[in-house]
Amino acid sequence: MKALRFHAAKDLRVEDIEDVAKPGPGQVAVKNRFAGICGTDLHEYVAGPIFVPSEPHPFTKAVLPQVLGHEFGGTVTAVGEGVTHVKVGDRISCQPLVMPRSGDYFADRGLFHLSEDLALVGLSWNGGGFSEAVVINDYNAVKIPDTMSDEEAALVEPTAVAVYAAERGEITAGDSVLVTGAGPIGMLSLLAAKAYGATKVFLSDVNETRLKMAKEILPEVITLNPMKDDVVARIREATEGGVGCDKVIEASGNEAALNTGLQAVRKQGTIVQVGLHTKDSKLHWHDVTFKDVDVRGAWAYPTYYWPKVIDLIATGAIPASKIVTKKIKLDDAVKEGFDALLDPAGNHLKILIDLEA
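Quick caveat, the model's predicted, so the values are computed rather than measured.

## Points about the packing of aromatic side chains
In step 1: Inspection of the entire model under this criterion finds 7 aromatic pairs.
In step 2: Between Phe130 and Phe338, the ring centres sit 6.3 Å apart and the planes meet at 85°, which makes this aromatic pair edge-to-face. Of this pair, Phe130 sits in the loop between strand 8 (119-120) and strand 9 (133-137) while Phe338 sits in helix 10 (residues 333-342), and the two are 208 residues apart along the sequence.
In step 3: Look at Tyr301 and Trp306: their rings are 5.1 Å apart centre to centre, the planes differ by 55°, and that puts the pair in the tilted class. Each member of the pair, Tyr301 as well as Trp306, is classed as buried.
In step 4: One aromatic cluster is present, formed by Tyr45, Phe130 and Phe338 through successive ring pairs.

## Comments concerning the environment of Val221
In step 1: Within the secondary structure layout, Val221 lies in the loop between helix 5 (208-217) and strand 13 (222-224).
In step 2: Exposure remark for Val221: the relative accessible area of 0% places this residue in the buried category.
In step 3: Look past the residues within four positions of Val221 in its chain and what remains in contact with it is Leu190, Val201, Phe202, Leu203, Ala214 and Lys215.

## As for unusual backbone geometry
In step 1: Omega for the peptide link from Gly48 to Pro49 comes to 5°, which places this bond in the cis form.
In step 2: Along the chain, the position of Pro49 falls in the loop between helix 1 (39-47) and strand 4 (66-67).
In step 3: In this chain, Leu64 is followed by Pro65 through a cis amide linkage whose omega measures -10°.
In step 4: Relative to the helices and strands, Pro65 resides in the loop between helix 1 and strand 4.
In step 5: A positive phi angle is found at Lys61, which is not glycine, with a value near 65°.
In step 6: Along the polypeptide, Lys61 turns up in the loop between helix 1 and strand 4.

## Topic: the nonpolar core
In step 1: Ranked by size, the top nonpolar core spans 99 residues in total, and within it Phe130, Ile136, Met187, Leu203 and Phe338 carry the most contacts.
In step 2: Top element by residues in this core is helix 3 (residues 156-168). It accounts for 8 residues.
In step 3: Apart from the residues within four sequence positions on either side, Leu203 is in contact with Leu178, Val179, Gly181, Ala182, Met187, Leu190, Leu211, Ala214, Val221, Ile222, Thr223 and Leu224.
In step 4: By size, the runner-up hydrophobic cluster in this structure holds 16 residues, among which are Leu258, Leu262, Leu283 and Val288.

Each value, and the rule that gives it
- Residues numbered from 1 in each chain as written.
- Predicted model: local features only at pLDDT ≥ 70, side-chain atom pairs only at ≥ 80, totals over all residues.
- Heavy atoms only, no water.
- Phe/Tyr/Trp six-rings, centres within 6.5 Å; stacked < 30°, edge-to-face > 60°.
- Helix = DSSP H or I, 4+ residues; strand = E, 2+ residues; numbered from the N terminus.
- Buried < 20%, exposed > 50% of the residue type's maximum accessible area, 1.4 Å probe, protein only.
- Contact = heavy atoms within 4.5 Å.
- Core = buried A, V, L, I, M, F, W, Y, C linked by side-chain atoms within 4.5 Å.

What follows is the structure, given as structure tokens:
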């Protein structure tokens, strides 16, 4: 079968590899349909291996070359012994986190995403979404309803990241929320904030193209460009009492954006850091103390979120498909996908690979 594999930085290859094996006990074989290119995939392409293991992964034993793709869905083609929650013909969304199911401090407490031995399908597993088929564990396959499209099945994973950020921030009815970073996670965080009851939402980014896209996705968003606007002043002017916004979701992994969020949030507000910082970043800790704010991380998502996020998308509460700007063939994935997303012009948000095209 055909697959896109990571060999080294700037070395992605569309190759013919062996077809998937018959699923073993507790496993599911899936014919992949759509798969999204994630920012994590882009980081691997530019500077990897990062999450892709150079040496065999301690839990999965996965090693280079690695089939990428952890945002995907497809149709079940075979199930292994003991699998009862999905059957052949079911359409599924892949929940890609792989980890010990017991005997691990965090796994024993249901916090599977915090396991020290965490791996991901499409980053540290023996397959991924950027191939025609894959074998995954039974707990990685979650059935989707008839009301959800195949494209939407590939958007559950990034939407789960945004939903977890909204919940870590305890966003609730009437909140004002600033999102910094207008990439796919930032855009989905806007939609998640609205779904959770935020009545005033701000988006800060230096890319005017993406700010315009945000207006098309969510017309009521107040867009701000820190190269042109005084972000903090604008937010204070627009919030009750001029005190600043209630919550901040920092989705860019940028030091300046994080500190802007700190200045823009009100006293006793909450900042959620969801964007991955690639280097050490300074935060004005005096202001953290003086303003009595909470600063929280949001790593991935609890695995039990999948049915909830599927419902949020399938019912239209979070219209995740609005962030899709392009669909491409697997053969064109490097030039039309990875390179297009790395273009500073920022003309695309989420690009989906159509495995049947």
